[in-house]
Each structure stands twice: as C-alpha cells, then as structure tokens.
Amino acid sequence: MTNRAAVVAAYAAARLRRLPDRAAVEAWQGRRLRRVLTAARERYPFYRDVPWADSPAAQLAAFPVLEKADAVAHFADLNDRGLTLAACLTAARAAEARRDFTASLAGVSIGLSSGTSGRQTVFLTSPAERARWAGEALARLLPGGMERGGLVRGGRVALVLRAGGPLYESVGSGRVAFRFFDLAVPAEEHVAALASFRPTVLAAPPHVLRVVAGAVGRGAPIAPERVLSVAEVLDPHDRRAIEAGLGVRVDQVYQATEGFLGASCGEGRLHLNEDLVLVEREWHDDGRRFTPVVTDLFRTTQAVIRRRLDDVLVAGDGACPCGSPFAVLDAVEGRADDVLLFRRAVAGGEAGAGAGSSGATGAPGDLRPFYADFVRGAVLGVDGVADFRVTQHAPGSVALAVDPAHAFPAAAAALRAAVVGAGLMPPEVEPAAITPRAPLEKVRRVRRTFPIEREGSRP
Ligand SMILES: [Zn+2]
C-alpha cells in the first residue's frame, strides 16, 4: 500500500468506527488491549516475565505503571528493534540541527520530545504508525472530517510545531495540503507565509496563535475555519484573546509522545481518544482532577503500556451534545509540577478548605496542592494584569512576575488571599520579571521547582 493509500485507509477506518455508547467503547478497548498485552511479552524484553492472568483487567494490572524516568531507563527493552536511547538521541539531534527532521534508524523514524524538564527522550514510529496517526488526525481535525466528504473537500493545514516530524509529511498529497512552520523561528516571521498559504486549519501553540491573532487584527489576511491549540496548556485568557482576534472558536489537540490522546469535537469540547488509547485515572483528592495512565491500543514499535503522564487533567461531567461516548475533559491543566504546594493552615485559622485546595484531608502543616487554575484566576482577576508567571521554589514562598509590573502589589495580595481562602498558609510573594523565552521553550505560567513529597500529597 502506498503511503497515501494507507493514510486514506486509516481515515476511512476512523470514520467508519462505530462506538455508540460506553459499552461499545469498553468492548473495543478490551479487544485491542488483549492483542497489545498478549504480544507485549514477546515483543519487548522488558515485559518478558510479566505473569499471565485470566481477565483483561487482571492482565492489565499485571503490567507495572511506568514513569517517564522508567521508560527512559529501559528504553532499549521497550521498543521492538532494540534501539538504544543514546543512538536515537544522536540521530535525532543531528537531524534537528539540520532542521530537516528526517532521522531514522532500523526503518523507524525518530522524533525528539520537547523535554520541558528532565531528560530529553525520543519517540519511534513506523511508516504504518505514521499513516494511521495522519488518518486519525484528519478524521478529527479537518472541518467536516468526520462527515461524508470531509477528505474530499480537502483543506490546507498549517502546523506551527517544534519538529516538521515525519508524522506530518505523511499526508502532504492529494486534496489536503500540509505546510509545516518551524516553531524555532519567531512567530512574527511566519505571518506573511501564513497569509499566502491561506490555511483552512491552523494548528499551533497558544502563544503563536496570539501572535497570529494580533497580526489579523492589524489586517493580515489569515482566516482559518478551524483553529487548534497544540503542545501547550491553553489558558482561558489566551483563548479569549485568540478567539476575539481570529473570530473562530479555539479547539484543542491533546498530543504527547505517549500518543494522540484527545481532540475537540464539533461542540468544542475536548474528548479523550478512547478508541486509540486506554486511560486509567489516578484521582486526586478533589475528585475532579486526575493523573492519566496511558496504554496505546495500536502502536507496536514502542511499548506504551501503563505510562503515567506528568499531566493534570480535569474531568468534565455529563454527556456531550455531540453524542460521542468518549470521556470529556474540562481542561488539560498542565503538568504535575505546574501545581503549587502550600502548607495546610492550622485548625481554627482562616476559612476552611474551599476552592483551590484539594479538600479537608490531612493534618495542619501538610503540603496540599493549589492548582494552576486558581493561581490564574486570582492573578488575572486583578484589574489591568495582562500576563504573569509564578514560580515556587519552596513551600513558603513564590516569585510572581506580572505585566504590567505596577500591578504587582494588587496581584500579590490577590494570590495570598486565594491561598488563604483555600485553607492554606499564604506564601511570601517576591517580585520577579517575566523573562524572554526561547522560541522552542513552552510557555508555562505556573511552575514549581521542588519535588512532590510522595506520602499523601501527590497533586
Ligand atoms: Zn463532544
């Protein structure tokens, strides 16, 4: 099968897949999971000795949950070619330095992960896996993609991303034109090329979408039918600015090296791609947020079995009007270290546990999570604050940078009040400045630099 035929086949399979309700989703996942887990022991040395079990649930439970660090440490035993991480990194970095993004070894392409923290790693994909990804992505992301004729209608898709990635080249033919815009180049420099490409779909990190929205406000003729936020947390105030500038709703793609995890539906709500990945949920104390543990139901080159992600997800409730039985997310709130930790206030102190804290469990003095969403709400709720950064280096203090800087005293007071309102000990708030960011660095407005104490305070 040619590459294009493989993409079209994957697109058709995605469109024809009928999973009308939760029972159908779970039956589908059970079938896929059985295949993945049965093959895993032969395919990957790391899983050779995983004991067999009777039921699919027990099968899955027999596999260990892996942190990113585990996947890095056992890289060679978790791919089906025995490729070492060192060899893959060397090839990928050489390709990135050339900015041609075509590193491959043993017939698989090597993509560099963005490595916002910790050790950089890579993801490996076969040609068939890339074709499947492209078909699945087109079915979800092209305007009318899930309807008859979506692919026939075609479109021009502009992607502003870190790596041109062999993932995206797979579909650059036929009625769908893909153009890659290098995220390493400042977004302002892409505006003219975007205007001449006239994308119908524009996918980019939110900080790039803001630049494009600004350019449109100054008259640049860029009018996509669909705008997709990728690769960074989409903060509500960025969303409003982008939607105001571009005049269309901002949808989201939730993609990680662990898989194509989610995408917005026609109603604009973000669904997990539960036909492609199985997501186990490790619930936080607040009962709304969870840490996802992901098993990819299709990929084989690299094992993605029970990978615990760094992300904090907020579960949505109720059924989506679009009719999809896939779980809805209210937000991808950021990474686990975007959650601040403050000590619980002593009993009888100011206000009980309220918005922002994870609830009443734990003793006074315990570190409790204070989520990025509440930091944002407090600081951006202050009149005139356009942007901010909060960095926490210790439980008792945070550094706060606001734009404009003269809003600092009010923003600091608002942040302290919000922490107190959540039943937590307010931190010292030190002024800081928003530092310029390298083009490839992800925007993270809220960040904690000290590690989580495991017992009882896992945010
Ligand atoms: Zn929906």
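Residues numbered from 1 in each chain as written. Predicted model: local features only at pLDDT ≥ 70, side-chain atom pairs only at ≥ 80, totals over all residues.

Colleague: An account of the sheet that holds strand S18 (residues 387–394) is needed here, citing residue identities and associated values.
Modeller: The strands making up a sheet associate through backbone hydrogen bonding, with each pair oriented either parallel or antiparallel. Read from one edge to the other, the open sheet built from four strands follows the order S20-S19-S18-S21, with strand pairing classed as mixed. Because the sheet does not close on itself, it has two edges, and the strands there are strand S20 (428–432) and strand S21 (446–448). Strand-to-strand, the axes of this sheet are offset by a mean angle of 20 degrees, without reference to chain direction. Relative to S21, S18 runs parallel, the two being bridged by three bridges. (Pairing = 2+ DSSP bridges. Helix = DSSP H or I, 4+ residues; strand = E, 2+ residues; numbered from the N terminus. Axes fitted to C-alpha atoms, helices over the stretch in contact; angles between N-to-C directions.)

Colleague: Which residues make up the pairing of strand S6 (residues 201–204), and what values do they have?
Modeller: In S6, alternate side chains face the same way, and those of Val201 and Ala203 on one face and Leu202 and Ala204 on the other are all buried. Examined bridge by bridge, strand S4 (residues 155–161) and S6 share three bridges and lie parallel to one another. Bridge pairing in S6 links Val157 to Val201. Where S6 meets strand S7 (residues 226–229), four bridges bridge the pair, whose relative direction is parallel. (Buried ≥ 20, exposed ≤ 12 C-beta atoms within 10 Å, placed from the backbone.)

Colleague: Can you explain helix H12 (residues 372–380)? Please cite residues and give values.
Modeller: The buried fraction of H12 is high, at seven of nine residues. Those residues of H12 that fall on the buried side of the exposure criterion are Ala372, Asp373, Phe374, Val375, Arg376, Ala378 and Val379.

Colleague: Tell me about the packing of helix H10 (residues 206–217) against helix H11 (residues 236–246), and name the residues and values.
Modeller: For the pair H10 and H11, the least separation of the axes is 8 Å and the interaxial angle reads 35 degrees. As H10 packs across H11, the resulting crossing turns out to be left-handed. Between H10, through Pro206, Leu209, Arg210, Ala213, Gly214, Val216 and Gly217, and H11, the contact on the second element is made entirely by Asp238, Ala241, Ile242, Gly245 and Leu246. (Left-handed = near helix turned anticlockwise from the far one by under 90°. Contact = placed C-beta atoms within 7 Å.)

Colleague: Tell me about the sheet that holds strand S1 (residues 104–105), residues and numbers included.
Modeller: Ordered by their spatial adjacency, three strands build an open sheet running S1-S2-S3, and the pairing between neighbours is antiparallel. Single-partner strands in this sheet number two, and they are S1 and strand S3 (122–125). Pairing geometry for strand S2 (residues 108–112) and S3, over four bridges, is antiparallel. By the bridge assignment for S3, Ser109 is matched with Thr125.

Colleague: Give me the lowdown on the environment of Ala223, citing residues and values where you can.
Modeller: One can find Ala223 in the loop between H10 and S7. Separated by 22 residues in sequence, Ala223 and Val201 place their C-alpha atoms 9.0 Å apart.

Colleague: Hey, could you go over the pairing of strand S19 (residues 397–403) for me, with residue numbers and the actual values?
Modeller: Each regular strand displays side chains that alternate between the two surfaces of the sheet. In this sheet, S19 lies alongside S18 in antiparallel orientation, the contact comprising seven bridges. Looking at S19, one finds that Val390 is bridged to Leu400. Adjacent in sequence and paired antiparallel, S18 and S19 are bridged by two residues. Two elements, S19 and S20, share five bridges in a ladder whose sense is parallel.

Colleague: Mind laying out the nonpolar core, listing which residues take part and the relevant values?
Modeller: Counting 111 residues, the largest nonpolar core has Val212, Phe370, Val375, Leu400, Ala411 and Leu415 as the members making the most contacts within it. Two domains each donate at least three residues to this core, and these are domain 1 (3–336) and domain 2 (339–457). Residues in contact with Val375, not counting those within four places in the same chain, are Leu340, Phe370, Val390, Leu415 and Val446. If you look at the next biggest cluster of nonpolar residues, it comprises eleven residues, including Cys88, Ala95, Ala103 and Ile110. (Core = buried A, V, L, I, M, F, W, Y, C linked by C-beta atoms within 7 Å. Domains from an automatic or database assignment.)

Colleague: Could you give an account of the packing of H12 against helix H13 (residues 408–421), naming the residues involved and the relevant values?
Modeller: Packing of H12 against H13 brings their axes to within 8 Å, and their N-to-C directions diverge by 140 degrees. By the angle between their axes, H12 is oblique relative to H13. The hand of the H12/H13 crossing is right-handed. Between H12 and H13, the contacting residues are Phe374, Val375, Ala378 and Val379 on the first element and Ala411, Ala414, Leu415 and Ala418 on the second. (Parallel < 35°, antiparallel > 145°, perpendicular 65-115°, else oblique.)

Colleague: I'd like to hear about the environment of Leu83, residue by residue, with values.
Modeller: Topologically, Leu83 is positioned in the loop between helix H4 (68–73) and helix H5 (85–98). Distance from Leu83 to Val108, taken between C-alpha atoms, is 10.0 Å for residues 25 residues apart in sequence. When residues no more than four places from it in sequence are discounted, the contact partners of Leu83 are Ala76, Cys88, Leu105, Ala106 and Leu124.

Colleague: Mind laying out the confidence of the model for the chain, listing which residues take part and the relevant values?
Modeller: Across the chain, the average pLDDT comes to 86, with 88% of residues at 70 or higher. Within the chain, helix H14 (residues 454–457) has the poorest average pLDDT of any element, 42, and strand S11 (residues 277–283) the best, 97. The model gives residues 454–459 a pLDDT under 50, and that stretch makes 15 contacts with residues more than four places away or in other chains. (pLDDT = per-residue confidence, 0-100.)

Colleague: Tell me what's going on with helix H1 (residues 3–16), and back it up with residues and numbers.
Modeller: For H1, spanning 14 residues, the distance from its first C-alpha to its last is 20 Å, which sits close to the expected 20 Å at 1.5 Å a residue. Among all positions of H1, only Val7, Ala10, Tyr11 and Ala14 are buried. All buried residues of H1 fall inside an arc of 100 degrees around its axis, so they share one side. Of the exposed residues in H1, those oriented more than 90 degrees away from the buried face are Ala5 and Leu16. (Expected span 1.5 Å × (residues − 1). Arc of directions from axis to C-beta.)

Colleague: Can you break down unusual backbone geometry residue by residue, with the values?
Modeller: Leave glycine aside and you will find that most residues have negative phi; peptide bonds, for their part, are mostly trans. Cis rather than trans, the peptide bond between Asp403 and Pro404 has omega equal to 0 degrees. A positive phi angle is found at Ala231, which is not glycine, with a value near 70 degrees. On the secondary structure map, Ala231 appears in the loop between S7 and H11. In this structure Ala231 comes out as buried when scored by C-beta crowding, with 22 C-beta atoms within 10 Å.

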